[in-house]
Each structure stands twice: as C-alpha cells, then as structure tokens.
Amino acid sequence: WRGRQAREKPPSHCIAEGTLVDRCMREVDAAATSDVCTYPGVVVISYCWHSATHPDPSGLLSKNVAKYLHWYAAQRAGFTNERLYQRHEDLRQQDEFHWEFVVLIDFWSLYQHPRSELQEESYRRALHGMHYWYAHRGTMVFLVRDVVPSDWEGSAECRDRGGYDDRGWTVWEKMMSSHIKIAGMCLDMAGFE
C-alpha cells in the first residue's frame, strides 16, 4: 500500500492475471446462487482511511488485513480442496485446487491523486460501480472495524474524522454489504484472533 502513490504501477504480484480474474468471477457468480458460504474468489475490504492522503501510513491496517487474508486463504484452500475432491474425482489425481483469490482494496485498486485525465476517467467509472462489489451476493466482504483512527498516533485530523461507524463511506459500504448476502459472506473482523 505504501508504494501505491509513489509509482504508477504496483508490483507484479499485486496484479491479478486475466485467467485468475475470470476464474474468480465464475466463482462469484456460482456463490451468488448458493445458500452456504463458499469462500468465493473475490474479497472486498471495507476500512477507515487514516487521512485523505493515505489510508495506512504506519502499516497498522496492512498488518491486520494481512492476518485476515492469511486466514481466508487457509479457509478457502480447505473448503475448495474438500469440495473439489468430493465432486471431481479426476482432480484427485491432478491434485489441483485453486486457493488464490482476488482482493479489492480501494487504495490499490483505484487510481489515487494525482491522476492523469485518463486515470480520472477510469477512477470515475470504477467509483460509479463500487456498489456492485459490496452488494453482490457472491463476493466476500471484510468489515475492518478494529483499526480505527484512535489506534493511529498522529494528527488531530485523523481523530476528528471518527471511527468506522461515523464515516459516510464505511457506513455505506457496510449497508451495501449487508442487504442480500447470506450469513458468513459479510464478516465483521473486529475482535478477530
């Protein structure tokens, strides 16, 4: 996250390849019709930004999100492996299962200031469709409410902006994520161990 604003292009391991995105989107579509939590291939992160210029200058938020994503990868690998093995005997011999997944974190996924004219157009298009990622029945949403401005040392600006439930964007993200998802597809990560 720290390097996103400093360079035009994030590291290659932070960019999802087309085949991974296609597979994950097929999983999202399948999860949308399921009545059980399936650990789909897209995780959307809802969190408070530290300030208007950077969401996580100290790395505290990144540390917690990494912990959540490691947990999710383990859950996904176990679930996917078990599910595939039960349904597809031929995969047992190939020992193939897909634990990789796509993570949508707005700061990394959308162009930030300063933006070129083309980047601004991309940003506005993406912003216009953000509700799909939070509201879609087939995406997993993590509500990262445990890292709030009071946890960050520093500016009064940060403290004055309030916590997760006091900010417009995070309240909107939480509301969008809570309407049609089945239990387990919108996780409040507060108190996660």
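Residues numbered from 1 in each chain as written. Predicted model: local features only at pLDDT ≥ 70, side-chain atom pairs only at ≥ 80, totals over all residues. Heavy atoms only, no water.

Caption draft 1: Spatial organisation of unusual backbone geometry. The step from His 113 to Pro 114 runs through a cis peptide bond, and the omega angle for that step is -10°. For Pro 114, the position within the fold is in the loop between α4 (106-109) and α5 (117-128). Positive phi values are uncommon outside glycine, yet Tyr 39 reaches one of about 50°. Within the fold, Tyr 39 resides in the loop between α1 (18-32) and β1 (42-47). A residue is classified by how much of its surface remains accessible, and Tyr 39, at 17% relative accessible area, is buried. (Helix = DSSP H or I, 4+ residues; strand = E, 2+ residues; numbered from the N terminus. Buried < 20%, exposed > 50% of the residue type's maximum accessible area, 1.4 Å probe, protein only.)

Caption draft 2: Quick peek at the pairing of β1. Burial analysis of β1 places six of its six residues in the buried class, which makes it a mostly covered element. In this sheet, strand β3 (residues 140-144) lies alongside β1 in parallel orientation, the contact comprising five bridges. Counted as the bridge partner of Ile 45 is Phe 142 from β3. (Pairing = 2+ DSSP bridges.)

Caption draft 3: Layout of the sheet that holds strand β2 (residues 102-104). The strand order across the open sheet formed by four strands is β2-β1-β3-β4, and the pairing between neighbours is parallel. Across the chains shown, the open sheet's two edge strands, defined by having one partner strand only, are β2 and β4 (186-188). In this sheet, neighbouring strand axes are inclined to one another by 20° on average, regardless of whether the strands run parallel or antiparallel. Of the strand pairs in this sheet, β1 and β2 are connected by three bridges, and their pairing is parallel. Within β2, the position partnered with Val 44 by the bridge is Leu 104. (Axes fitted to C-alpha atoms, helices over the stretch in contact; angles between N-to-C directions.)

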